[in-house]
Amino acid sequence: MNDSHQDIRDAVSRLCEAFPGRYWQALDRDRAYPEEFVTALTEAGYLAALIPEEYGGAGLPLSAAAAILEEIHRSGGSAGACHAQMYTMGTLLRHGSETQKQAYLPRIASGELRLQAFGVTEPSSGTDTAALKTTARRDGGGWRISGQKIWTSRAEHSDLMILLARTTPRDQVEKKHQGLSVFLLDMNHARENGMTIRPIRTMMNHATTEVFFDNVPVPAASLIGEEGKGFRYILSGMNAERMLIAAECIGDAKWFIGRASDYARDRTLFGRPIAQNQGVQFPIAEVYAQMRAAELMVQKALALYDAGENPGEEANLSKYLAAEASWAAADMCVQTFGGFGFAEEYDVERKFRETRLYRVAPISTNMILSYIAEHILDLPRSY
Ligand SMILES: Cc1cc2nc3c(=O)[nH]c(=O)nc-3n(C[C@H](O)[C@H](O)[C@H](O)COP(=O)(O)OP(=O)(O)OC[C@H]3O[C@@H](n4cnc5c(N)ncnc54)[C@H](O)[C@@H]3O)c2cc1C
């Protein structure tokens, strides 16, 4: 995506220079949140990229948000600490009321509030989202939330959460995706009224958590859109999320390719740079070809989206191809570095662990293959 939003790319790249490998290494060691990095991005306005100008944001297209995320990853950092503010934004923008937008968007744009938490996945339902068990039941003028979410990333660092809960019992709706609703949860209020957050330590630094709701009161004004239509609202943001994550994968792949090439040129063994061996060159070249093909698909998907379409096929293909390319690049990079690929100070092992996530979350590869099989190739539905 070198030919688009070059000014944004250059500016993000300059910002990232202040957050070099040793910054991310220290956080990774302590599983600490990149507070300074997120603040710098917020102050520069990048996390408000998708908020319309009338609400204090930059009003940029999705391709610009993708350029920002790609550049963060290409620079060796990780946008995992803050990317949800971009991919959850659509739910509020498309389905939120004018009152909700006026109340929250300017404060999110200014950095006063963070919308970083996305509470969809639950321990017993996983990928089978519509089988989730968290309930919101009517209580006076508002709602009471009970249940549990898992893998709710950044919950400890967010003021707001987009939450999906069941508002009509499963046995009272015809199809299981009916009767689910989306809430914009004020997490500070919820924390004082029965919501608890428990961090989950993972193989990479991702600030992910489990969230427990014990009869948490939520005002009526928190409901986004119409009651019972929440599953559709969440689905409507999935294509954008896939493209944004794909852009991060492209950034990762470029970082691995760049690092491997530099290292192979410098590392001299048997009297010549290891890069002179085709056994070292070819894996780098192969991954470069894979990354470029994936990048073209991401560009295509973004161009369609920016033109007003919601391209399911291209968004899914982007996410699949880019996550495969970044993982192939990560493996190639470790192989090129040999033993030093495992040493913390080179960042390769950290980025290797970080990029592995994208074949599982936010949507696993199998689910994308299933989408391609069923919706593009017209093969029988499997689940
Ligand atoms: C670090 C991290 C951060 C996350 N952040 C968030 C977040 O902020 N908010 C949120 O809501 N969720 C989040 N998630 C959850 C993530 O979206 C899920 O982990 C992911 O969708 C897979 O679901 P699961 O883990 O429940 O796996 P399962 O649904 O239990 O699936 C396990 C495996 O079985 C496969 N599988 C399941 N059903 C089928 C089928 N029908 N056909 C073929 N294969 C199948 C899956 O592809 C997967 O490989 C995060 C996860 C992680 C690990």
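A brief look at the structure comes next. Values in this document were obtained by computation on a predicted structure and should not be read as measured data.

What counts and what doesn't
Residues numbered from 1 in each chain as written. Predicted model: local features only at pLDDT ≥ 70, side-chain atom pairs only at ≥ 80, totals over all residues. Helix = DSSP H or I, 4+ residues; strand = E, 2+ residues; numbered from the N terminus. Rg over C-alpha atoms; globule rule 2.2 N^0.38 Å. Buried ≥ 20, exposed ≤ 12 C-beta atoms within 10 Å, placed from the backbone. Near = placed C-beta within 6 Å. Nonpolar A, V, L, I, M, F, W, Y, C, P; charged D, E, K, R; others polar. Domains from an automatic or database assignment. Contact = placed C-beta atoms within 7 Å. Core = buried A, V, L, I, M, F, W, Y, C linked by C-beta atoms within 7 Å.

## So, the overall build of the protein
Piece 1. Summing up its helical and strand segments, the protein has 14 helices and 10 strands in all.
Piece 2. The C-alpha atoms of the protein give 21 Å as radius of gyration, which agrees with the globular expectation for 383 residues (21 Å, within 12%).
Piece 3. With respect to the three principal axes, the spread of C-alpha positions in the protein is 80 × 50 × 35 Å.
Piece 4. By the burial criterion, 48% of the 383 residues in the protein qualify as buried.

## Things to note about the site of the ligand
Piece 1. Close to the ligand lie 23 residues; Val-120, Gly-126, Thr-127, Trp-151 and Ser-364 are nearest.
Piece 2. For the shell around the ligand, the elements supplying multiple residues, two or more each, are strand S1 (115-119) and helix H14 (365-376).
Piece 3. In terms of residue count, the dominant contributor to the shell around the ligand is H14 (three residues).
Piece 4. Among the residues making up the shell around the ligand, the classes are represented as 10 nonpolar, 13 polar and no charged.
Piece 5. Three or more residues apiece are contributed to the shell around the ligand by two domains, here domain 2 (115-230) and domain 3 (235-376).

## Observations regarding the environment of Phe-231
Piece 1. Mapping Phe-231 onto the fold places it in helix H9 (residues 230-236).
Piece 2. Distance from Phe-231 to Ala-289, taken between C-alpha atoms, is 37 Å for residues 58 residues apart in sequence.
Piece 3. For Phe-231, the contacting residues outside a window of four places in its chain are Ala-130, His-177 and Leu-180.

## What to know about the nonpolar core
Piece 1. Ranked by internal contacts, the top residues of the largest apolar core, which has 112 residues, are Ala-49, Ala-65, Phe-183, Met-243, Leu-244, Val-298 and Ala-329.
Piece 2. Element by element, the count of residues in this core is highest for helix H10 (residues 238-266), at 15 residues.

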